[in-house]
Amino acid sequence: MRLQGKLALITGASSGIGEACARRFAAEGAGLILWARRADRLDHVAREITAAHGCTVHTAIVDVRDRAAVEAEVERTVATAGVPDILVNNAGLAAGFTVLHEGDPEDWDRMIDTNVKGLLYVSRAVIPHMVSADRGHVINIGSTAAHTQYPKGNVYAATKFAVRALSEGMSVDTLGSRIRISQIDPGLVETEFSVVRFHGDDERAKKVYEGIRPLTGDDIAETVAYVAGLPEYMNILDLVVVPTPQRNITTIDRREAQ
């Protein structure tokens, strides 16, 4: 129970991996600061966690693309709840699935602004407080797309390549402190991810996971909790986690899951 009494800030906490991380961290005894854009969904998650675990849950409606809002909320959080021990940079998305030369620049902007700039804004606001406190753990949620391109993945993969580079940059730039930087790179995880990528097309989203048992948000939350709960003299820099039938981003055995 190394997370007992820790304070974790989780972005994109209203659904999927972020929500699962919030529930898992609460079960491990951590206090929570949960950010998301959907107020009704975030309030529902917070109420359920409080009822189940009796832990302290602070919530804020924050779009990580809004730098001023991020900075103001971090300052308010530090003043009222303290410096987070753990930051889970989870907010992210894929938008669109087409060859680069037919891509929608509005989709590109959403991905770059959320996956790269949003992660930067949150990290830039939180890490100085961790440096001052000489403690903290930043866990960035990446993707197997951070390691290789795939057809029609172009800009999404580029943002996750950027996250991987930023994780490495954070790690070397915080050398000399006791801050840890980790990245978790999931493969196929069935959440709202594909529904968002395909602009609400549920049937098309389901086909992404046909023939296999994909990972769940809970599986990734277990991984994140493991990484966060390691002794402070240990750190995992980058961890790739995939369902067993997936060997890389495109090599997948799609026989019907048993």
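Structure shown above.
Residues numbered from 1 in each chain as written. Predicted model: local features only at pLDDT ≥ 70, side-chain atom pairs only at ≥ 80, totals over all residues. Heavy atoms only, no water.

Right, let's talk about the environment of Ser123 for a bit. Relative to the helices and strands, Ser123 resides in helix α4 (residues 105-133). In this structure the C-alpha to C-alpha distance between Ser123 and Val99, which are 24 residues apart in sequence, comes to 31 Å. Excluding residues that lie within four positions of it along the chain, Ser123 makes contacts with Leu87, Asn89, Pro128 and Met170. (Helix = DSSP H or I, 4+ residues; strand = E, 2+ residues; numbered from the N terminus. Contact = heavy atoms within 4.5 Å.)

Okay, unusual backbone geometry next. Of note in the backbone geometry, Lys152 takes a positive phi value of approximately 70 degrees without being a glycine. Residue position: Lys152 is located in the loop between β5 (137-141) and α5 (154-173). Here Lys152 falls in the partly exposed class, since its relative accessible area comes to 39%. With a phi angle near 55 degrees, His199 is a residue other than glycine that sits in the positive phi range. Tracing the chain through its elements places His199 in the loop between α6 (193-197) and α7 (202-207). For His199, a relative accessible area of 52% translates into the label exposed. (Buried < 20%, exposed > 50% of the residue type's maximum accessible area, 1.4 Å probe, protein only.)

To continue, consider the side chain of Lys160. Mapped onto the secondary structure, Lys160 falls in helix α5. Here Lys160 is buried and forms no salt bridge, its nearest opposite-charge partner Asp185 lying at an N-O distance of 7.3 Å. Leave out the neighbours within four places in its chain, and Lys160 touches Asn115, Ile141, Gly142, Ser143, Ala145, Ala146 and Gln183. (Lys, Arg positive; Asp, Glu negative; His and termini not counted. Salt bridge = Lys/Arg side-chain N within 4 Å of Asp/Glu carboxyl O.)

Below, the discussion takes up the sheet that holds strand β1 (residues 7-10). The sheet built from 7 strands is open, its strands ordered β3-β2-β1-β4-β5-β6-β7 with parallel pairing. Edge positions in the sheet fall to β3 (57-61) and β7 (238-241), since each of these pairs with one other strand and no more. Sheet twist, expressed as the average angle between the axes of neighbouring strands with direction ignored, equals 15 degrees. Helix α3 (residues 67-80) rests against β2 (31-36) and β3 of the sheet, and its axis sits at about 165 degrees to β2. Seen against the sheet, helix α8 (residues 217-228) touches β4 (86-89), β5, β6 (180-186) and β7 and runs at an angle of roughly 160 degrees to β6. (Pairing = 2+ DSSP bridges. Axes fitted to C-alpha atoms, helices over the stretch in contact; angles between N-to-C directions.)

In total, this model carries 16 salt bridges according to the counting rule given. When the shortest N-O distance is used, the salt bridge between Glu19 and Arg23 registers 2.9 Å. With Glu19 and Arg23 both in helix α1 (residues 16-27), this residue pair falls 4 residues apart, about one helical turn. Overall, the relative accessible area of 11% leaves Glu19 in the buried class. Classification of Arg23 by relative accessible area gives partly exposed; the value is 26%. Through salt bridges with shared partners, one network takes in Glu19, Arg23, Arg41 and Glu48.

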